[in-house]
Amino acid sequence: MGAEGSLVIENVTLSTPLPEQGSWQVVTTPDAYVVIEGGIVSEVGKGTPPRAESILDGCGRAAIPALCDPHTHAIFAGWRAREFEMRLTGKGYKEILAAGGGILDTVRATREASGDDLARLLRRRLDAMLSRGVLTCEVKSGYGLDVDTEIRMLKAISEAGKDHPVDVVSTFLGAHAVPGEWSGDGAGYIEEVVVPLIGEIARRGLAEFVDVFCEPGAFSVAESRRVLEAATGAGLGLRIHADELEASGGAALAAEMGCASAEHLLSAPPDQLLQMRDADVTAVLLPGTALVLGQPYAQGRWMVDQGMSVALGSDFNPGSSPIIDMGLIMVLACLQMKMTPAEVLVAATRNAAMSLGRRDRGVVAPGYRGDLVILDAPQYTHLMYRPGARLVSSVISAGDVVFSEDITDL
Ligand code: NIG
Ligand code: FE
């Protein structure tokens, strides 16, 4: 029904963040109903709902805003199971990259893939995200590292997102690694390939954001600044992979450049995190990477306590986080980063959407998009409490039921 009709979701235990940026509160209303008209929430109430063309009985289950995954590398060809085994026997992630493997292995496979292949793979991954309650996600390029493949990836992202219920935000990550043909000359690669591509991508409307992997072994602070300045000049939004494995000045650079987000931050020094807070940069935390690479987790609890804006994402990619499930990310945020379930819900909905510039979602309240998830559980906290459980029973996008699964609670 979406744009035309109306849908009432009734008999749910509704839990939602508040609209106010900075609030960590989740308001829970038992026996709630939600009216969606023309794709937008028009009313939220308790008890008996008004009449509507369609009624969805939630049978007392928990309902939340649809999830948002603000950091993925979901477009790529080939997996890296061999590298997984190498890391298990003690090889380091950056050691493998420095030897021409890791990200560069995926670059080789992706350069060989057609645009149609890449779009088909991404659509399947969007289906998987949808079945886990995600209706908005970010997807980065960054496995082409040459003009043709980066453009092909960005076009495939837009193709895959067309007519798919998951709303895709695309990010140009040309500065993901120094490709083999520019080995030892990261600055030259940025000047000759990445900066000109930023101009072209902005002109052709192929990405909303530009990202850079600021890390020893990838790009220095000066090189990253050059990328972000070019992005600002082209009118694109800024994101940065900062302090993922080593403290390298990425968080301070994010504050200096006014990035929408700095992501990872496993090794970010506290004073630089506070600079990010004061510059209103969202910390996008990706605990899947800490799990997979065996690194200490980012200081999520401390960041929330310091009044930072914190969001959560999967970092889904074939190397450091082959995790497509935001459910597992939410579990890790509670158990390993010591965030409360309410904070985790806010971080995976409203804050994640805000970091992507989507202020129309992530909250269930009048005026917001009618994007909800109904869980096969009585409270939303089951998402964080039951690792590996399949709890998404329905996903509603702008008032349309776009996914439903008949699961019965165990
Ligand atoms: O966010 N650090 C850079 N990029 C990804 C990993 C990509 C890969 O290993 O393929 C990350 O961890
Ligand atoms: Fe990443």
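Just above, that's the structure.
Along each chain, residue indices are assigned from 1 in the same order as the chain's sequence is written. As they are written, the chains are lettered A onward and the ligands numbered 1 onward, keeping that order. In keeping with the model being predicted, local features are shown solely for residues with a pLDDT of at least 70 and side-chain atom pairs are shown and tallied solely at 80 or more, while totals for entire chains, interfaces and linings include all residues. Computation of side-chain values: all heavy atoms of the structure, hydrogens and water removed.

S.K.: So what exactly am I meant to see when it comes to the site of ligand 1 here?
M.R.: Around ligand 1, the surrounding shell holds 15 residues, and the nearest of these are Tyr93, Tyr143, His176, Glu244 and Ser320. N or O atoms within 3.5 Å of each other form a polar contact, as long as, within protein, one can give a hydrogen and the other can take it, and as long as residues adjacent in sequence are counted only when both atoms are side-chain atoms. Within the contact set of ligand 1, an oxygen atom lies 2.6 Å away from a side-chain nitrogen or oxygen of Tyr143. In this structure, Ser320 approaches ligand 1 through a side-chain N or O atom, which is 2.6 Å from an oxygen atom. The pocket occupied by ligand 1, as judged from atoms lying within 2 Å of grid points, is the largest cavity. We define proximity as follows: a residue is near a molecule or strand when any one of its heavy atoms falls within 4 Å of that partner. Using a 1 Å grid laid over the protein atoms alone, points where a 1.4 Å probe fits but cannot get out form a cavity; open sets with protein on both sides within 12 Å along at least 5 of 7 lines form a pocket; any residue with an atom within 4 Å of a point counts as lining. In this description, a molecule resides in a pocket or cavity if more than half of its atoms sit within 2 Å of the grid points defining it.

S.K.: Explain helix α9 (residues 270–278) here, please?
M.R.: Throughout this description, buried means an accessible area under 20% of the type-specific maximum (1.4 Å probe, protein chains only), exposed means over 50%, and partly exposed covers the range between. To qualify as a helix, a DSSP run of H or I must reach at least 4 residues; to qualify as a strand, a run of E must reach at least 2; elements of each kind are numbered from the N terminus. All of the buried residues in α9 are Gln272, Leu273 and Met276. Buried residues in α9, looked at end-on, bunch into an arc of 105°, giving them a common side. When checking whether two residues touch, look at their non-hydrogen atoms; a contact exists if any pair is within 4.5 Å. Those residues of α9 that are buried lie in contact with α8 (250–257), β11 (261–264), β12 (282–285) and α11 (300–305). Positioned one or two residues after α9, Asp280 has a phi angle of 60°, which is positive. Working definition: the arc comes from the directions between the helix axis and the C-beta atoms, pointing outward to the latter.

S.K.: Quick question: what am I supposed to make of helix α6 (residues 186–203) here?
M.R.: Here α6 is 18 residues long and its end C-alpha atoms lie 24 Å apart, about the 26 Å a rise of 1.5 Å per residue gives. The principal kink in α6, of about 30°, is found at Val194, preceding the proline Pro196 by one to four residues. By the burial criterion, the buried members of α6 are Gly186, Gly188, Tyr189, Ile190, Val193, Val194, Val195, Leu197, Ile198 and Ile201. Residues of α6 that are buried sit in contact with α5 (147–161), β8 (167–175), β9 (209–214) and α7 (221–233). Positive phi shows up at Gly205, right after α6, with a value of about 65°. By this rule the span expected of a helix is its residue count minus one, scaled by 1.5 Å. Think of it this way: the bend at a residue is just the angle between two axes, each fitted to seven residues, one set ending at that residue and the other starting at it.

S.K.: How should I be thinking about the packing of aromatic side chains in this particular structure?
M.R.: Aromatic ring pairs: the centre-centre distance and the angle between the two ring planes describe each pair. Aromatic contacts are taken between Phe, Tyr and Trp rings whose centres are within 6.5 Å, Trp giving its six-membered ring; a plane angle under 30 degrees counts as stacked, one over 60 as edge-to-face, and the others as tilted. Evaluation of the coordinates by the stated rule reveals six aromatic pairs. An angle of 85° between the planes, with centres 5.1 Å apart, marks the rings of Phe76 and Trp79 as edge-to-face. Overall, the relative accessible area of 0% leaves Phe76 in the buried class. With 6.3 Å between their ring centres and 75° between their planes, Phe76 and Tyr143 make a pair best called edge-to-face. Taken together, the residues span a long stretch of sequence, with Phe76 in the loop between β6 (67–69) and α1 (81–88) and Tyr143 in the loop between β7 (134–140) and α5 at a distance of 67 residues. By way of ring pairs, the aromatic residues Phe76, Trp79, Tyr143 and Phe316 are connected into one cluster. Charge over a ring is defined by NZ of Lys or CZ of Arg lying within 6 Å of the ring centre and within 35 degrees of the ring normal. Above the plane of the ring of Phe76 lies Arg125, whose end atom (NZ or CZ) is 3.8 Å from the centre. One residue, Arg239, lies across the ring of Phe209, its end atom 4.5 Å from the ring centre.

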